[in-house]
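Geometric and topological summary
As a plain string of letters, each chain reads:
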Amino acid sequence: MNKLTNSATKLGLTAAIAVLASVNGFGQFTDIALYSNVSNSSGAVYNVDNGVEVGDQIGLDAQGKALGYNIKGFSFETFGSGLGAAGSSDARAQLRFYSAGSSAGTDVQSLELITAAFEVADGYQTHSIAIPEDGGSNYAVGAEGSFFWTVEFSNIPGGASAGLTLSDPPTVGSSFNDYLENANPGNVNTVEFKQFTDGSAANFSAVALGDLTVPEPTVLSLGVVGGLAFLRMRRRK
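Presented here is an overview of the structure given in this document. Worth saying up front: this structure is predicted, and the values here are computed from it rather than measured.

Thresholds, definitions, all that
Residues numbered from 1 in each chain as written. Predicted model: local features only at pLDDT ≥ 70, side-chain atom pairs only at ≥ 80, totals over all residues. Heavy atoms only, no water. Helix = DSSP H or I, 4+ residues; strand = E, 2+ residues; numbered from the N terminus. Buried < 20%, exposed > 50% of the residue type's maximum accessible area, 1.4 Å probe, protein only. Contact = heavy atoms within 4.5 Å. Areas by Shrake-Rupley, 256 points an atom, 1.4 Å probe, with all protein chains shown as cover. Salt bridge = Lys/Arg side-chain N within 4 Å of Asp/Glu carboxyl O. Pairing = 2+ DSSP bridges.

Right, let's get into the overall build of the chain. Looking only at helices and strands, the chain features 1 helix and 15 strands. Counting over 237 residues, the chain shows a buried share of 49%. Taking all contacts inside the chain whose residues are at least 6 apart in sequence as the whole, residues at least 24 apart take part in 84%. Carbon and sulfur atoms provide 48% of the accessible area of the chain, an area that totals close to 10,200 Å².

As structure tokens, this is what we get:
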């Protein structure tokens, strides 16, 4: 099955997640963007199977990082079909963040943050999260200038679909033309890097923000899990 599809005509974004901060579309953000590609939507969706982790590496805007801005907010977009309306869907997703080790790091190194499972429903949804501090003045994601983010879907019924929307190129920051896939979510040693066979840019729609002021999120901070677990497979550049 071809999992890369053109979605229905995009009429608007619906924001609704129970455990994360919600916004009514990407355009509501007024803080400084350290990464963004959402103004260049391709209109395509990559549908993801149950229990498979899919995501991307993004590089933060060098000027923003040089000025001392840290990531305090993150937003991404899903598209569902056959899941049910918001508030009545049993389909769920989890968002994870991994460190890259350095600004030029290209290996998934350690799991930094993971959210509780949240609802995904029919149509476009923009899901947003506030990034907590690590107990000091630093923030738990993107301190090296680059990081990986992934989404794992679950409870997608037969005949239905859920996936991530694609946007390229980034207008702020940078991203490789590949995506990561992991059949063992949370295990950095089983990550694979892939590209779309039709040549489409493999960049999922996302915004990373600096100086986002929101209430404390419902997020479990994992820090470094069992020390540094290095992925031995080098990625394509």
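Now that the structure is up, let's keep going.
Residue placement: G163 occurs in strand 11 (residues 161-167). Sequence separation between G163 and S81 is 82 residues; the distance between their C-alpha atoms is 9.2 Å. Aside from chain neighbours lying at most four places away, what touches G163 is V45, Y46, N47, V48, E77, T78, F79 and F153.

This next bit is on the pattern of salt bridges. Taken as a whole and judged by the stated rule, the model has 2 salt bridges. Of the charged contacts in the structure, one is a salt bridge between R96 and E152, with a shortest N-O distance of 2.9 Å. With R96 in strand 6 (residues 92-99) and E152 in strand 10 (residues 146-154), the pair connects residues that are 56 residues apart, well separated along the chain. With a relative accessible area of 16%, E152 lands in the buried category.

Secondary-structure assignment places T171 in the loop between strand 11 and strand 12 (179-182). Sequence-distant contacts of T171, defined by excluding residues within four places in its chain, comprise S36, N37, S39 and N40.

A few words on unusual backbone geometry. Apart from glycine, the bulk of residues carry a negative phi angle, and the bulk of peptide bonds sit in the trans form. Cis geometry marks the peptide bond from D168 to P169, where omega comes out at 0 degrees. Positive phi outside glycine occurs at N155, with the angle close to 60 degrees. Residue placement: N155 occurs in the loop between strand 10 and strand 11.

Right, let's get into the pairing of strand 10. Counting buried positions along strand 10 gives 8 out of 9 residues, so the element sits mostly inside the fold. Two elements, strand 4 (residues 53-59) and strand 10, share 7 bridges in a ladder whose sense is antiparallel. Residue pairing for strand 10: G59 is matched across the bridge by S146. In terms of strand pairing, strand 6 meets strand 10 through 8 bridges, oriented antiparallel. Bridge assignment links L95 to a residue of strand 10, and that residue is V151.

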